[in-house]
Amino acid sequence: MDHAAPRNPLPRSTYRGVVGGLFFLQGLCFATWASRIPSIQQQLSLSEADLGFALLALPAGLMVSLPLSGWLVARVGSARVVVGALFLYGLVLASLGQARSLAQLSGGLFAFGFAGNLVNIAVNTQGVGVEGLYQRSIMASFHGMWSLAGFTAAAVGTVLMGAGVVPALHFVAVMVGVWAVTAVSARFTLKEDAGAKAEGRVFAVPDRPLLVLGVIAFCCMMCEGAMFDWSGVYFQQVVKADPAWVGTGYATFMASMATGRFIADWLTRKLGLRRVFQVSGGLICLGLMLAVGLPHLPTALLGFLLVGFGVSSVVPLVYGAAGRSKTMPAGVALAAVSTIGFLGFLVGPPVIGLLASVSSLRLSFTLIAAMGLCVAILATAKKEDAT
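Quick caveat, the model's predicted, so the values are computed rather than measured.

### Comments concerning helix H9 (residues 248–271)
Right, so step 1: Its maximal kink placed at Ala264, H9 deviates by approximately 50°.
Right, so step 2: Gly272 sits one or two positions beyond H9 and adopts a positive phi of about 95°.

Structural data, given as structure tokens:
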């Protein structure tokens, strides 16, 4: 790998554990919100179109924050940014439970997306730095911690939804926990980022290999966004699961996603980056078509399980490959690829809502299956096996 190892005094295993914990906190915040979307929709009496409009605000805030996120990380370092952003992320999460109108929810989700991307760019920069210390790919395992947190939050959300606990109380409890762990972790973060002095640019137009990686990330993140925001609604309205089972689709997706990420680095060393992308795209398409074609609880759960395995490795491997770019510094490459990839979050959830309002959620999920197929096709056409 080409990362310049940052000069940090603690053992590399300490940094790896702490950065993994920060990924966990990031995933916990996001998945706590996602696990309670059906409750919020019911609480505010939102239609599918209303919910789709509100969900558009989250990736909009995320995209607006991208230039600022890169600038802040370059200016003050990822260690300071990730700590401050996690405090803000938890605070905004708590505010979402207090929303009493579509406008309040939309404004809160814009701030949630903004804070979430501050965390995302900073924590992935920390991850690239730890990869520099290890001189091998470990990014997928960090994203595995994010997904493990997602599974945990989905399971807790399912239990609390069945018990009738309101989102406001749920979100405040998570905020307090996130704040406490962040405060303890702050002193153990990487204080110098890998390649921090390599180049002053924060943003750059990606070259062709990075562009391909960005489009692959776009397709996958469109699938992820749909699963995060609409899986509970799909199980509620299409599968018609009992209220206590509405969250199981999301929990199953997150569980398989977490499992896949913990083996993705090893699998990539065995099969190569291109083959892993091909298999991943195929699993996404197969799983969604199974859930659409046979919308019953057992088959839908199996379908979501396959989708989770499919999306698990794509984004972390894209980030890892971007961080190894030979044409620009890791932070600049990550910002460029992230911009393209996160457009998938910008497009996916609202498109699902709009299509559902004029047709059906099953048609919407068929479109997302096509995005999985695109991942496999792009990987097949990719000339380089790594950037």
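### Thoughts on the pattern of salt bridges
Pairing between side chains becomes possible if they bear opposite charge and their charged atoms approach one another.
Right, so step 1: Tallied over the full model, the rule gives one salt bridge.
Right, so step 2: With a closest N to O distance of 3.6 Å, Arg261 and Glu224 form a salt bridge. Of this pair, Arg261 sits in helix H9 while Glu224 sits in helix H8 (residues 208–237), and the two are 37 residues apart along the sequence. This pair shows no difference in class: Arg261 is buried, exactly as Glu224 is.

### A word on the domain arrangement of the protein chain
Right, so step 1: Along its sequence, the protein chain is organised into domain 1 (10–191) and domain 2 (204–382).
Right, so step 2: The centre of domain 1, based on its C-alpha atoms, is set 18 Å off from the matching centre of domain 2.
Right, so step 3: Tallying the contact residues gives 40 residues for domain 1 and 39 residues for domain 2.
Right, so step 4: Together, the buried faces of domain 1 and domain 2 total about 3,400 Å²; carbon and sulfur atoms form 73% of this surface.
Right, so step 5: Its largest share of buried area at the contact with domain 2, domain 1 owes to Glu48, Met63 and Ala140, together 15% of the area lost on that side.
Right, so step 6: Scanning the region where domain 1 abuts domain 2 turns up zero salt bridges.

### Points about a nonpolar patch on the surface
Right, so step 1: Together, Leu148, Phe151, Phe262, Ile263 and Trp266 line one region of the surface with nonpolar side chains, adding up to about 460 Å² of accessible area.
Right, so step 2: Of all the elements in the fold, those that place two or more residues in the nonpolar patch are helix H6 (139–163) and H9.
Right, so step 3: Broken down by element, the nonpolar patch gets its largest block of residues, three residues, from H9.
Right, so step 4: With respect to the helices and strands, the residue Ile263 is situated in helix H9.

### As for the packing of aromatic side chains
Right, so step 1: Enumeration over the complete set of coordinates arrives at twelve aromatic pairs.
Right, so step 2: Here Phe228 and Phe253 contribute two aromatic rings whose centre-to-centre distance is 5.9 Å and whose plane-to-plane angle is 70°, an arrangement assigned as edge-to-face. One end of the pair, Phe228, is in helix H8; the other, Phe253, is in helix H9, and 25 residues separate them in sequence.
Right, so step 3: Directly above the aromatic system of Tyr134 lies the positively charged group of Arg12, at a separation of 4.3 Å from the ring centroid.
Right, so step 4: Here Arg16 stacks its cationic end above the ring of Tyr134, 5.1 Å away from the centre of that ring.

### As for unusual backbone geometry
Right, so step 1: A positive phi angle is found at Ser45, which is not glycine, with a value near 55°.
Right, so step 2: Structurally, Ser45 is set in the loop between helix H2 (37–44) and helix H3 (48–76).
Right, so step 3: Note on Ser45: relative accessible area 64%, which makes it exposed.
Right, so step 4: Residues other than glycine seldom take positive phi values, yet Lys240 does so here, at roughly 60°.
Right, so step 5: Its location among the elements puts Lys240 in the loop between H8 and H9.
Right, so step 6: Given the relative accessible area of 63%, Lys240 is considered exposed.

Conventions and cut-offs
- Residues numbered from 1 in each chain as written.
- Predicted model: local features only at pLDDT ≥ 70, side-chain atom pairs only at ≥ 80, totals over all residues.
- Heavy atoms only, no water.
- Bend = angle between axes of the 7 residues up to and from the residue.
- Helix = DSSP H or I, 4+ residues; strand = E, 2+ residues; numbered from the N terminus.
- Salt bridge = Lys/Arg side-chain N within 4 Å of Asp/Glu carboxyl O.
- Buried < 20%, exposed > 50% of the residue type's maximum accessible area, 1.4 Å probe, protein only.
- Domains from an automatic or database assignment.
- Contact = heavy atoms within 4.5 Å.
- Buried area = accessible area lost by both parts, 1.4 Å probe.
- Patch = residues over 30% accessible without salt bridge, like charges linked within 9 Å, V, L, I, M, F, W, Y side chains within 5 Å.
- Areas by Shrake-Rupley, 256 points an atom, 1.4 Å probe, with all protein chains shown as cover.
- Phe/Tyr/Trp six-rings, centres within 6.5 Å; stacked < 30°, edge-to-face > 60°.
- Lys NZ or Arg CZ within 6 Å of the ring centre and 35° of its normal.

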